[in-house]
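Overview (structure and organization)
So you can see what is in the structure, the chains are spelled out below.
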Amino acid sequence: MKLAEIARQSGARIEIGSPDFDIIGASGMDLARESEITFLANPKYTPQIAETRAGAIFLSEGIECSRDDIAILRAADPYLAYAITLRAFHPDNPVADFVHASAVIHPAAVIAAGCEIHANVVIGENCTIESGTRIFANASIYNGVKIGRDCTIHSGVSIRENCELGSGVIIHNNSTIGCDGFGYAKTADKQWLKIPQVGRVVLEDDVEIGANTAIDRASVGETRIKRGAKIDNLVQIGHSCTIDEDALICSQTGLAGSSVIGKRVILAGQVGIAGHLKVGDDAVLTAKSATSHDVEPGKVISGIPAFNNREWLRSTAGFRRLGELAQKLREIQSRISKLETQNREQ
Amino acid sequence: MKLAEIARQSGARIEIGSPDFDIIGASGMDLARESEITFLANPKYTPQIAETRAGAIFLSEGIECSRDDIAILRAADPYLAYAITLRAFHPDNPVADFVHASAVIHPAAVIAAGCEIHANVVIGENCTIESGTRIFANASIYNGVKIGRDCTIHSGVSIRENCELGSGVIIHNNSTIGCDGFGYAKTADKQWLKIPQVGRVVLEDDVEIGANTAIDRASVGETRIKRGAKIDNLVQIGHSCTIDEDALICSQTGLAGSSVIGKRVILAGQVGIAGHLKVGDDAVLTAKSATSHDVEPGKVISGIPAFNNREWLRSTAGFRRLGELAQKLREIQSRISKLETQNREQ
Amino acid sequence: MKLAEIARQSGARIEIGSPDFDIIGASGMDLARESEITFLANPKYTPQIAETRAGAIFLSEGIECSRDDIAILRAADPYLAYAITLRAFHPDNPVADFVHASAVIHPAAVIAAGCEIHANVVIGENCTIESGTRIFANASIYNGVKIGRDCTIHSGVSIRENCELGSGVIIHNNSTIGCDGFGYAKTADKQWLKIPQVGRVVLEDDVEIGANTAIDRASVGETRIKRGAKIDNLVQIGHSCTIDEDALICSQTGLAGSSVIGKRVILAGQVGIAGHLKVGDDAVLTAKSATSHDVEPGKVISGIPAFNNREWLRSTAGFRRLGELAQKLREIQSRISKLETQNREQ
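Here is a short report on the structure shown in this document. (Residues numbered from 1 in each chain as written. Chains lettered and ligands numbered in written order. Predicted model: local features only at pLDDT ≥ 70, side-chain atom pairs only at ≥ 80, totals over all residues.)

Okay, the overall build of chain A next. Across its full length, chain A holds four helices and 38 strands. Principal axes of the C-alpha set define a box for chain A whose edges measure 100 × 80 × 30 Å. Out of the 346 residues in chain A, the part that is buried amounts to 56%. (Helix = DSSP H or I, 4+ residues; strand = E, 2+ residues; numbered from the N terminus. Buried ≥ 20, exposed ≤ 12 C-beta atoms within 10 Å, placed from the backbone.)

Shown next, in the form of structure tokens:
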């Protein structure tokens, strides 16, 4: 791809370099070769520019580059420009049109033309699968599941009865969509009586779910992941939760039941969210934090339990010096005792 | 179902409403419709009674209800009464009697009549599966596994060699029962020598295991989950652990090896339990806490490492003000210095 | 096996007992029977020697044993000696030579002689599987995967396109190797644009991966787990990470992208490692700790965020008394105020 074409697609401006320069790939600064384009997103890595072997680089306006042997493309958002370019170099494989002979499709399931159904996939009664969808080996689709257009369901995924997927949904391997919520009532003799879990899970358009993640169906009603939300590996979404549009939930985070996560919320890795609470739009919980209270929109919070991130940073600094602090307190006590004795003796 | 029948089955008393009132379902207060019954379990949600569209509600004695357009059933435990009612509306599907043609059953396995064995299930040598058990698509049962009556094994589950399940066991999708424990001895050249993991896992009657959970087999002997214990999604149970009856282990909790969890213990979400320790009956660890010490029966503990929950709450309050505390300490030091100077000058 | 033979294989010295004593198994002190050998690794369990029914025991030099009815083998490392002995009693099953009729093997895949390919395994185009490898039921191997000699791939495992395994690799059930990394660029309208994940995962010789673990492929380049590293259940390894030789990563630990974990590092259970950082050789992070900074070789750190383990222990002790500390501070303030008043009045 010519540099000019890359600039055009990514909305970047060529500052240095020939528009006819041939670029054959895109990669990070450490891996990129002479014929590849790279990017600098975080100014802290600026020194790496001196070392990269890349032939071209996306830089935001204002970042200086002392090298004249590398093409420079100025972009409003270098990472986004890089993403667009990498996507251009790696278009999705076209979906073939086949149902493998070993797949077991219920006669009352409807598979549109233009789907790829791989070996040993099992699809239940009354399922409908729309065109452009690809289901990899050994996936299990229970009865009554609806899957929209252009979805990718990887091997080992289980989608339980009556769940519904929009279009463009991706589910990575061995994830479970629609397992029972964890609901029990305690009987008089202190045993657990299972609450029926007869609701469903809805994944709206362009949702992506990582590998080995579990999303519980609602007991009654639905668990809903809205348009464009992205969920990483090994995440737990409890029953009746709602994850709003474009939320980002990182690996090993867990949500108890009935919580509502706002638009564009970021839950970093290993976060915990208690049940029946609301995290406002654009809030951020940093890694390993947990909350059992509502979170206001736009807040950045940390800790267990989580509070304002800046205060938490100060508190963690204090925590490191807690031994010292206790020592100081003891010194102060003895100095006061001494002063009190002096005053009494006067 | 008539209101009278609901009252009878759930042990509730009709305070307001016709015994002949037809109820067609049960649901939470936010979702219930005019023809459905709902419940109030937590008094903090009492204001929602004013808004629910439900036609009937389970209330505990003493909770006031100002509405006269809704049938009221008084129950000792409204949540339990609701659970019983929801179960009446959603009985389990009867188990069909088939082995799908694509299932691969070892000739030396014994499948009782009255089992549902779905497509692409694989069952190994010398397995025995008792009547009423349902195994969904793409599950893998290794050699020598025994499965009791009326179990439900969901798609993608793996049960490793020689494990044993009682009756009424439920295992959700993609969980692993009996994978190797994580045991290695360090060699003289600082490499890891694998300890054979040749024990097994036993799940007793009425155990339920969530999705994508891993339960390690013992190296020698067994890992045992006792009658009625419930384990959520994405939980790790290390080798040789014992989980006693009616324990409740929430999502993403992890247990290292050889620990013993008492009866009715509750481990909330993302808890960590170190190896070789004992958590006494009825103890509770709150979410995200961890212990590397034994826990006395009935204790409620929190934190990393965990201690008494009330003290922990006080400490977390102090933690939030740690920056302020350090500031106060500095002020006190300067005030003392001033006093000391004054006394010296006198 | 004769006691003499056990001593010979494990490098131990018979202190008490007949070289001809017949031992039929090995087990822990609580489970071992008269005809079995056991071990004491941790001196804290020394009192259990009095109670074990074992017929023989591995002890390190210097540990006293008051019993004369039990054979004693002195070993430099009793746990290692036990591991060697248990391995002798439980040799690996020899690999049979078959491809089950229900397995779906792409015609352009090459399976060496001497492999065990179980029922419903799916193997894609251009895969190569070397001799001695065993793949259990319902595993899914995508196109272009290379698997070395003597590997064990358990049921439900997914290995994604173009990943590569050395020899002697073990992967437990339902794990995912090579799922997409969690990478998105934010668009101008605050949605997430997926970064192509077209790299791969390499597992070198003698790596072991637990059950239900997810290892992300690199976006470009590779994620690499080096020779002899051991990874437990439910672990998350982010894209482009490198795990060096003989590292040990315990259950439910998570690594964000591009981090480098040194040789023999131990990450205990539920640890979190942020992205783009380096943990030096032989460092240890204790359970539930997290770091977003580099860790020096050999350090033992704890906490969120993690720091020196000894200091952390002191800080956690202080944390438990934080309520009390704040109370003391208030007392001190009132005593100072009193002193200040006295001085003013003089």
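Below, the discussion takes up the interface of chain B and chain A. Listed as interface residues are 54 residues of chain B and, on the opposing side, 52 residues of chain A. The set of elements that each furnish at least two residues to the side of chain B that touches chain A consists of helix H2 (78–89), helix H3 (309–320) and helix H4 (322–345) of chain B. Take the side of chain B that touches chain A: its biggest share by element is 11 residues, from H4 of chain B. Residues of the side of chain B that touches chain A, tallied by class, amount to 21 nonpolar, 24 polar and nine charged. (Contact = placed C-beta atoms within 7 Å. Nonpolar A, V, L, I, M, F, W, Y, C, P; charged D, E, K, R; others polar.)

For helix H2 (residues 78–89) of chain A, which comprises 12 residues, the first-to-last C-alpha distance of 16 Å matches the rise-based estimate of 16 Å (1.5 Å per residue) to within 8%. The element H2 of chain A is extensively covered by neighbouring structure, given that nine of its 12 residues are classed as buried. (Expected span 1.5 Å × (residues − 1).)

Moving on, we get to the relation of the copies chain C and chain A. A rotation about some axis, followed by a shift along it, carries one copy of the chain onto the other. After a rotation of 120 degrees and a shift along the axis of 0.1 Å, chain C superposes on chain A with an RMSD of 0.1 Å. Taken together, the rotation angle and the small translation identify this as a three-fold axis. (Least-squares fit on C-alpha atoms with pLDDT ≥ 70 in both.)

All names here are of chain C. Pairing within the open sheet is parallel, and its nine strands lie in the order E8-E11-E14-E17-E22-E25-E28-E31-E34. Of all strands in the sheet, those bounded by a partner on one side alone are strand E8 (110–111) and strand E34 (278–279). Bridge count for E8 against strand E11 (residues 128–129) is two bridges, and the pairing is parallel. Paired with Ile111 across the bridge in E11 is Ile129. (Pairing = 2+ DSSP bridges.)

The next point concerns the interface of chain C and chain A. Counting residues at the interface gives 51 residues for chain C and 53 residues for chain A. Elements that contribute at least two residues to the side of chain C that touches chain A include exactly strand E19 (176–179), strand E20 (184–186), strand E21 (192–194), helix H3 (309–320) and helix H4 (322–345) of chain C. No other element matches H4 of chain C, which puts eight residues into the side of chain C that touches chain A.

A regular strand places its side chains so that they alternate between the two faces of the sheet. Residue and element names in this part refer to chain A. Here strand E5 (residues 71–74) shows a buried face lined by Ala71 and Leu73 and an unburied face lined by Ile72 and Arg74. As paired elements, strand E1 (residues 13–16) and E5 share three bridges and run antiparallel to each other. When the bridges of E5 are listed, Ile14 appears paired with Leu73. Judged from the four bridges that link them, strand E4 (residues 56–59) and E5 form a sheet pairing that is parallel. Note that in E5 the partner of Ile57 across the bridge is Ile72.

Bear in mind that shape data such as this cannot, by itself, settle questions of function.
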